[in-house]
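Each chain, written out:
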Amino acid sequence: EGEREEVEALYAEAEAAHHDGDFAAASRLYEEVLSLDGEYVKALSGYAMLMRMRGQLQEAEALYQEAIRIDGNCPDALCGYGLLLRTINRHDEAEAMYQRALAIDEDHVNTLCSYGAFMHTLKNDPDEAERMYLKALKIDPHHVDSICNYAALKHVVRKDLTTAEVLYRMGLEENPDHVG
């Protein structure tokens, strides 16, 4: 019982450091969590995301694969792995991961956002992308990646600069440091 609480507290610290951009602290904390519980799927997925962001793609893939081996029904791991697969141009596999994640949780905001971007940029299906962005924003109106991705679609594809500007401003209000 006490060890589980310690693991969850350390994970919360790792996630906060990761969110704040303190990747060195996040890395150390994820490693500490995994030293206590090597099968903690949230930590495996979070650490994999951090590795992907740092360009350590083989390490990230191994972590995602381990997370999915332990819990093949974790939308965060499936979505994250989909994003990694997209990054390394394994698009069919990426799409399969997104579809698996949405089959488990059709309202998983990060998957709706990532798969929407995939549909927009790689499948040239802006209508499906827009549907996904709108669904994500209905669930979480403050999801900055969805706001910014939808703004890009409105700007680039729909040529609706007025709506795009409103969305970009909303994204900046939510997170002035967002670079997406």
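Further up the page is the structure itself.
Every value quoted in this text rests on a predicted model; they were computed, and no experiment measured them. (Residues numbered from 1 in each chain as written. Predicted model: local features only at pLDDT ≥ 70, side-chain atom pairs only at ≥ 80, totals over all residues. Heavy atoms only, no water.)

Our focus in this paragraph is helix H2 (residues 23-36). For H2, spanning 14 residues, the distance from its first C-alpha to its last is 20 Å, which sits close to the expected 20 Å at 1.5 Å a residue. Listed in full, the buried residues belonging to H2 are Ala25, Ala26, Ser27, Leu29, Tyr30, Val33 and Leu34. Looking at the buried positions of H2, the neighbouring elements they touch are helix H1 (2-19) and helix H3 (41-53). (Helix = DSSP H or I, 4+ residues; strand = E, 2+ residues; numbered from the N terminus. Expected span 1.5 Å × (residues − 1). Buried < 20%, exposed > 50% of the residue type's maximum accessible area, 1.4 Å probe, protein only. Contact = heavy atoms within 4.5 Å.)

All right, on to the packing of H3 against helix H4 (residues 57-70) then. Two numbers describe how H3 lies on H4: the axes approach to 8 Å, and their chain directions differ by 160°. Looking at the two axes, H3 sits roughly antiparallel to H4. For the element pair H3 and H4, the recorded crossing hand is left-handed. The segment H3 lies against H4, with Val41, Leu44, Ser45, Tyr47, Ala48, Met49, Met51 and Arg52 engaging Leu57, Glu59, Ala60, Leu63, Tyr64, Glu66, Ala67 and Ile70. Residue composition of the contact of H3 with H4, by class: 12 nonpolar, 1 polar and 3 charged. (Axes fitted to C-alpha atoms, helices over the stretch in contact; angles between N-to-C directions. Parallel < 35°, antiparallel > 145°, perpendicular 65-115°, else oblique. Left-handed = near helix turned anticlockwise from the far one by under 90°. Nonpolar A, V, L, I, M, F, W, Y, C, P; charged D, E, K, R; others polar.)

This next bit is on the nonpolar core. Counting 52 residues, the largest nonpolar core has Tyr30, Val33, Ala43, Tyr47, Tyr81 and Tyr115 as the members making the most contacts within it. At 7 residues, the largest contribution of residues to this core is made by H3. If we skip the residues at most four places from it in the chain, valine 33 touches Val7, Leu10, Tyr11, Tyr40 and Ala43. (Core = buried A, V, L, I, M, F, W, Y, C linked by side-chain atoms within 4.5 Å.)

Looking now at helix H10 (residues 161-174). Helix length check: H10, at 14 residues, gives a terminal C-alpha distance of 20 Å against a target of 20 Å (1.5 Å per residue), a fit within 8%. Within H10, burial applies to Ala164, Leu167 and Gly171. With its buried residues spanning 65° around the axis, H10 presents them on a single face. Exposed residues lying more than 90 degrees from the buried face of H10 are Thr162, Arg169 and Glu173. Residues of H10 that are buried sit in contact with helix H9 (144-157). (Arc of directions from axis to C-beta.)

This part takes up unusual backbone geometry. Peptide bonds are trans in most cases, and residues, glycine excluded, mostly fall at negative phi. Backbone geometry places asparagine 89, a non-glycine residue, at a positive phi of 60°. Inspection of the secondary structure assignment puts asparagine 89 in the loop between helix H5 (75-87) and helix H6 (91-104). Within the chain, lysine 159 stands out as a residue other than glycine whose phi angle is a positive 60°. On the secondary structure map, lysine 159 appears in the loop between H9 and H10.

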